[in-house]
Amino acid sequence: MGLGVGLPAVKGRSRARASTAVAIAAALTLAGACTAGGGGGGGGSGGGDSPTVGLLLPGGGASRFGQFDKPLIEKKLRELCPSCPRAFAATPDPAMQRQQLESMITRGVDVLIIAAVDPQLLRPSVEAAHRAGIPVVAYDRLAQGPISGYVTFDGAEVGKLQGTALLKAMGAKVHGGQIVMMNGATSDPNAGWFKRGALSVLSGKVRIGKSYDTVGWRPENAFVDMRAAIAALGADHIDGVLAANDSLAGAVISALKATEVRPLPPVTGQDADLAAVRRIVEGDQYMTVYKPYKPAADAAVEMAVALGRGKSVTSIATGTVDNAATKDIPAVLLPAVPVTVGDIKDTLVKDGMYTIAQICPPNLRSACAKAGLTP
């Protein structure tokens, strides 16, 4: 994966569009969760100065993508292009996401923002979008296939932040200490990026007793793997856990508690989920990595609107990346922020991600006061 400058211009395009209401209705039925909003959007009738923007996310509702990314993307889209029709679909199921993408192609959207559940499985559909003249902006995760832009946080830096924080938390136990690595899914290129970043800090400093690639990023799988690690290594021989995100961290901590490991070793995380922030206040989780979502959402929308209007994204991108199909993809790689208990007020609260009231339910008020989290 290379970073560079001198980004190529992204040229405009023309294509055939879906032409009947029957085709549109069929596409929407296939998508399941796809709904249009803002200024019409039927059948890809946008384009020009008001392109139809399709958004595909790997989760909605209470997930990070539903709580933060989606509303921020929609808000920026309303600011940049109030009359742009838009369509939205969300699912954690890779096969369903592929159907949703194919539905949006049939529907005739002008540009797509996609956070892929399984980039490799989605590749044929990304290629179909390319053949239809629909540019794709990969969001958060590097999609495979001919994409036109990419917005994410620097995954190597995220892994380095986690590894550095874990070493600090282990203190004197670093010397001769042993950790468990609970990595993300191998189907997600970001997981390998995080892992390589963490290993660049951890290798040669600590022993890695067990390392797991968590299938589907599923917490239940991480719980089983952590129980296996405890059984194999011994409850008294785990001095830290590098958990790739907060959902995995929660499962790791549950497994440690279920096995009555005391005291809990330091556990890392990522995404600054509310449950994780509360665990940090309580002392169960050591840190998380906060990724300010607004700059990412803003950059993705800026790229999508420009591409939908047939314009270049050179001035938006800060570098380039490569995937297996495309070289020099215009990219925006954003910095992330490590958060421990002493940082919560000056990062998450200050940025308006959470209020102190949200972080501090009655059972945590004492711990919150100790952490300086008072109204």
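Residues numbered from 1 in each chain as written. Predicted model: local features only at pLDDT ≥ 70, side-chain atom pairs only at ≥ 80, totals over all residues. Heavy atoms only, no water.

Undergrad: Give me the lowdown on empty space enclosed by the protein, citing residues and values where you can.
TA: For the structure shown, the criterion picks out 1 cavity of 30 Å³ or more. Considering the residues around the largest cavity, the lining is formed by Leu72, Lys75, Lys76, Glu79, Lys294 and Asp298. For the lining of the largest cavity, the secondary structure elements donating two or more residues are helix 2 (64-80) and helix 10 (293-308). Counting residues per element, the lining of the largest cavity draws most heavily on helix 2, which supplies 4 residues. Split into classes, the residues belonging to the lining of the largest cavity amount to 1 nonpolar, no polar and 5 charged. (1 Å grid on protein atoms, 1.4 Å probe; cavity = no way out; pocket = protein on both sides within 12 Å on 5 of 7 lines; lining within 4 Å. Points joined across faces, edges and corners; volume = space filled by probe spheres on them. Helix = DSSP H or I, 4+ residues; strand = E, 2+ residues; numbered from the N terminus. Nonpolar A, V, L, I, M, F, W, Y, C, P; charged D, E, K, R; others polar.)

Undergrad: Would you mind going over the packing of aromatic side chains in detail, with residue names and values included?
TA: For the structure shown, the criterion picks out 3 aromatic pairs. Aromatic pair Phe68 and Tyr293: ring centres 5.5 Å apart, planes at 25 degrees, arrangement stacked. Residue Phe68 is found in helix 2, and its partner Tyr293 is found in helix 10; the two are separated by 225 residues along the sequence. For the pair formed by Phe68 and Tyr293, the shared burial category is buried. (Phe/Tyr/Trp six-rings, centres within 6.5 Å; stacked < 30°, edge-to-face > 60°. Buried < 20%, exposed > 50% of the residue type's maximum accessible area, 1.4 Å probe, protein only.)

Undergrad: Can you break down the confidence of the model for the chain residue by residue, with the values?
TA: With 87% of its residues at a pLDDT of at least 70, the chain reaches an overall mean of 88. Note on residues 1-46: pLDDT under 50 across the span, and 104 contacts to partners over four residues away in sequence or across chains. (pLDDT = per-residue confidence, 0-100. Contact = heavy atoms within 4.5 Å.)

Undergrad: Any chance you could break down the sheet that holds strand 8 (residues 207-213) for me, citing the residues and the numbers?
TA: Ordered by their spatial adjacency, 3 strands build an open sheet running 8-7-9, and the pairing between neighbours is parallel. Of all the strands in the sheet, the pair left with one neighbour each is strand 8 and strand 9 (240-243). This sheet shows a mean twist of 15 degrees between the axes of neighbouring strands, independent of strand direction. As paired strands, strand 7 (residues 178-183) and strand 8 are joined by 6 bridges and run parallel to one another. Its bridge partner being in strand 8, Met182 is matched across the sheet by Tyr212. The sheet contacts of helix 5 (residues 155-170) involve strand 7 and strand 9, and relative to strand 9 the element is tilted by about 165 degrees. (Pairing = 2+ DSSP bridges. Axes fitted to C-alpha atoms, helices over the stretch in contact; angles between N-to-C directions.)

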